[in-house]
Amino acid sequence: MRRFLSAASFFVVLILIWQWAFQAKIWSPVLLPSPMQVASYLKNAIEDGTLGHATVITMSRLLSGYFFGIIVGLPLGLLTARWTLLRDTLGTTALGLQTLPSVCWVPLALLWFGQTEAAMLFVVVMGTLWSVIIATETGVRNVPPIYRRAALTMGSKRLHIWLKVIFPASLPFIISGMKQGWAFAWRSLMAAEIFVTILTGFGLGQLLHYGRELSAMDQVIAIMVVIVVIGLLVDKILFSPIEKFLHRRWGTSQA
Amino acid sequence: MFRHRTGSVVEELQLVPPSKLAIENVSKTFRTATGEVLALDRVSLQVNEAEFVCLVGPSGCGKTTLLNIIAGLEKPDSGMVLADGKPVTSPGRDRLVMFQEPALFPWLNVLGNVLFGLKLKPNLTNKDRRNVARYYLELVGLTRFERANIHELSGGMKQRVSLARALAPNPRVLLMDEPFAALDALTREQLYGDIQQIWKARRKTIVFVTHNVREAACLGDRVLLFSPHPGRIQEEFAVDLPRPRDINSVDLAGYATKIMRALKSFSPERAAAAV
């Protein structure tokens, strides 16, 4: 409760400073709207369904691409760790492409797929895939060999070892890779949505883009807040419980 | 506690005949950065049913290698290991290993670890498996900790879980690789008592690797002294003391001194030759 109160008062103070900056007219009100203006935009956007609609569009692009990336990336990562040939080829490719900022996939995606959902999906998958492959491979290669040996003596073999020993043993690495993949995918999707209008659905990035076109600063800031909140929620809902479980089991943190 | 056992649990907990091991002319060479090392040089050894044999020697004498070969985790360059007359070619749950570092799985809790090997045994229901696992946890005195995470246990408790995990699939042979080396003296003494009791209760053939001479004299029916470079069995001592043995007893100290003297007699010279 005390932690909640101190966090809440921090944000209240932040908004008060914002309000003060607005009233002191340090910047033109066109450039810095008041917290109330942003809030009222949010209220309207929620009420007329714009925001909900855009969030659903964006999240469905993100989640479908993200889970596709994981479903493909995990086995590829395991295979890459298993076979030297794959490590030298796919592993190196993944390492290289992971260093490529995932926004850089946007031009290619547009030329290949046009202004379609497929282009969006492609960008998200590219953001996710390489991180997951690399994290999985690193995780597998960091599994202490003694786990494998112990499992072997107990009668565990090939596939069973992979599923019941090597995979769970590399989970801490895999989860952090999934988190990184998530961050990359989220960023690249936003960039893609801001760059291009996809007629099949206006996502949050597009709302942000039109905010700028219309010089509607309240809209720009409101959408940014929404994007931040979604990021936080995903962290709290998707990753936090898994990370807490891992920390508790492995004893890697007191939190 | 186990009044309501189902038929198959009773069956599963029944004693299995301990194995007789025959190690015949086993040699093993390792390639290292500084050249080839003959870890084992034509080592032969018989271990009888339900015998407790300790392998003692300085580090690098190949005793752990021999244990791994018996486990089937490593292959000898020549020679063979027979368990009840059958050649050992791969790991198998009739010969379970307890490692020096607790090789417990951190993603499973205590019960989950003990269940790991049992889940690989067919013809048991999950309830039976849990009951069998709990029986062994009780045997090592950790009933209260079945839900604990591995990192929450002390070193001694971890090795108790390792022991329960190795015992649970009811192997015929227990291979122990310096299992108590990393523990404090007090915990170790407790475990010496426990392991002797469990060995008597469960009738296993045990091959126990250690560099602690006193420990070997306390636990073994026989103590085999290994010399390094190349790894060979140098001498054999039968420890003829009643059980359970107390590590601090005077008689035991006598044996330990004798073994230690033998160890010293070849160690420095061998070490010098190796340099």
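Please read these numbers as outputs of a predicted model, since none were measured by experiment. (Residues numbered from 1 in each chain as written. Chains lettered and ligands numbered in written order. Predicted model: local features only at pLDDT ≥ 70, side-chain atom pairs only at ≥ 80, totals over all residues.)

Draft legend 1. Summary view of the overall build of chain B. A tally of regular secondary structure across chain B gives eight helices and 10 strands. Relative to a compact globule of 275 residues, whose C-alpha radius of gyration would be 19 Å, chain B shows 19 Å and is just as compact. With the principal axes as the frame, chain B shows a C-alpha extent of 60 × 40 × 35 Å. In chain B, 72% of the contacts between residues at least 6 apart in sequence involve partners at least 24 apart. (Helix = DSSP H or I, 4+ residues; strand = E, 2+ residues; numbered from the N terminus. Rg over C-alpha atoms; globule rule 2.2 N^0.38 Å. Contact = placed C-beta atoms within 7 Å.)

Draft legend 2. Inspection of the pairing of strand β2 (residues 35-47) of chain B at higher detail. Examined bridge by bridge, strand β1 (residues 21-32) of chain B and β2(B) share nine bridges and lie antiparallel to one another. Bridged to B:Thr29 within β2(B) is B:Leu38. (Pairing = 2+ DSSP bridges.)

Draft legend 3. Just the interface of chain A and chain B, in detail. On the chain B side, the residues contacting the 16 residues of chain A number 20 residues. Elements supplying a minimum of two residues to the side of chain A that touches chain B: α7 (145-153), α8 (158-169) and α11 (217-250) of chain A. If you tally residues by element for the side of chain A that touches chain B, the top one is α7(A), at six residues. Considered class by class, the residues forming the side of chain A that touches chain B number nine nonpolar, four polar and three charged. (Nonpolar A, V, L, I, M, F, W, Y, C, P; charged D, E, K, R; others polar.)

Draft legend 4. Highlighting the environment of B:Leu118. All names here are of chain B. The topology assignment puts Leu 118 in helix α3 (residues 110-119). Here Leu 118 falls in the buried class, since 23 other C-beta atoms lie within 10 Å of it. Once residues lying within four places of it in the same chain are set aside, the contact partners of Leu 118 are Leu 124, Arg 129, Val 132, Ala 133, Ala 168 and Pro 169. (Buried ≥ 20, exposed ≤ 12 C-beta atoms within 10 Å, placed from the backbone.)

Draft legend 5. Molecular detail of the sheet that holds β1(B). All names here are of chain B. The four strands lie next to each other as β2-β1-β4-β5, forming an open sheet whose pairing is antiparallel. Either end of the sheet is taken by a strand with one partner, and the two such strands are β2 and β5 (86-87). Most of the contacts of helix α2 (residues 63-71) go to β1, to which it runs at about 120 degrees, and overall it touches β1, β2 and β4 (78-83). (Axes fitted to C-alpha atoms, helices over the stretch in contact; angles between N-to-C directions.)

Draft legend 6. Representation of the pairing of strand β6 (residues 95-98) of chain B. Residues and elements named next belong to chain B. Neither face of β6 is open: one carries Arg 95 and Val 97, the other Leu 96 and Met 98, and all of them are buried. Here β6 pairs with strand β7 (residues 173-177) via four bridges, running parallel. Its bridge partner lying in β7, Arg 95 is registered against Val 173.

Draft legend 7. Region of interest: the sheet that holds β7(B). Residue and element names in this part refer to chain B. Sheet architecture is open: six strands sit in the order β6-β7-β8-β3-β9-β10, paired in mixed fashion. Looking at strand neighbours, the two that pair on one side only are β6 and β10 (232-238), the edges of this open sheet. If you compare each strand with its neighbour and ignore which way they point, the axes differ by 20 degrees on average. Inspection of the sheet shows strand β3 (residues 52-56) paired to strand β8 (residues 205-210) by five bridges, in the parallel sense.

Draft legend 8. Main features of the confidence of the model for chain A. Per-residue confidence for chain A averages 91 on the pLDDT scale, and 99% of its residues sit at or above 70. Predicted confidence in chain A is weakest over helix α4 (residues 84-99) of chain A, with a mean pLDDT of 90, and strongest over helix α3 (residues 50-82) of chain A, with 94. (pLDDT = per-residue confidence, 0-100.)

Draft legend 9. Spotlight on unusual backbone geometry. Residue B:Pro230 is bonded to the preceding B:His229 through a cis peptide linkage, with omega at -5 degrees. Note the cis peptide between B:Arg243 and B:Pro244, where omega equals 0 degrees. Structurally, the position occupied by B:Pro244 is in the loop between β10 and α8 (250-274). If you check the backbone angles, A:Lys25 has positive phi at about 55 degrees while not being a glycine. By the secondary structure assignment, A:Lys25 is in the loop between α1 (2-23) and α2 (35-47). With 9 C-beta atoms packed within 10 Å, A:Lys25 lands in the exposed category. At B:Glu178, a residue that is not glycine, the phi angle is positive and equals roughly 45 degrees. Following the sequence through the fold, B:Glu178 ends up in the loop between β7 and α6 (185-202). Residue classification places B:Glu178 among the buried residues on the basis of 21 C-beta atoms within 10 Å.

Draft legend 10. Region of the structure containing the environment of B:Gly85. Residue and element names in this part refer to chain B. With respect to the helices and strands, the residue Gly 85 is situated in the loop between β4 and β5. Taking the C-beta count within 10 Å as the criterion, Gly 85 has 8 such neighbours and is therefore assigned exposed. Separated by 66 residues in sequence, Gly 85 and Ser 19 place their C-alpha atoms 9.3 Å apart.

Draft legend 11. The arrangement of the confidence of the model for chain B in detail. All names here are of chain B. Of the residues in chain B, 94% have a pLDDT of 70 or more, and the chain-wide mean is 88. The low-confidence segment residues 271-275, where pLDDT is below 50, has two contacts with residues more than four positions distant or belonging to other chains. The ipTM for the predicted assembly is 0.87, set against a pTM of 0.84.

Draft legend 12. Structural view of the packing of helix α6 (residues 117-141) of chain A against helix α9 (residues 171-195) of chain A. Residues and elements named next belong to chain A. At a minimum axis distance of 8 Å, the contact between α6 and α9 shows a crossing angle of 160 degrees. As the angle between them shows, α6 and α9 are arranged roughly antiparallel. Considering only the axes of α6 and α9, their crossing is right-handed. On α9, the residues that touch Met 120, Val 123, Val 124, Gly 127, Thr 128, Ser 131, Val 132, Ile 134, Ala 135, Thr 136, Thr 138 and Gly 139 of α6 are Phe 173, Ile 174, Ser 176, Gly 177, Met 178, Gln 180, Gly 181, Phe 184, Ala 185, Ser 188, Leu 189 and Ala 192. The residue makeup of the contact of α6 with α9, split by class, is 13 nonpolar, 11 polar and no charged. (Parallel < 35°, antiparallel > 145°, perpendicular 65-115°, else oblique. Left-handed = near helix turned anticlockwise from the far one by under 90°.)

Draft legend 13. Representation of the packing of α2(A) against α11(A). All names here are of chain A. At a minimum axis distance of 8 Å, the contact between α2 and α11 shows a crossing angle of 75 degrees. In terms of orientation, α2 and α11 fall into the roughly perpendicular class. In this structure, α2 uses Gln 37, Val 38, Tyr 41, Leu 42 and Ala 45 to contact α11, whose residues at the interface are Asp 218, Gln 219, Ile 221 and Ala 222. When its residues are assigned to classes, the contact of α2 with α11 shows six nonpolar, two polar and one charged.

Draft legend 14. Fine view of the environment of A:Asp218. Mapped onto the fold, A:Asp218 is located in helix α11. Here A:Asp218 is in contact with A:Pro33, A:Gln37, A:Val38 and A:Tyr41, once residues within four sequence places are set aside.

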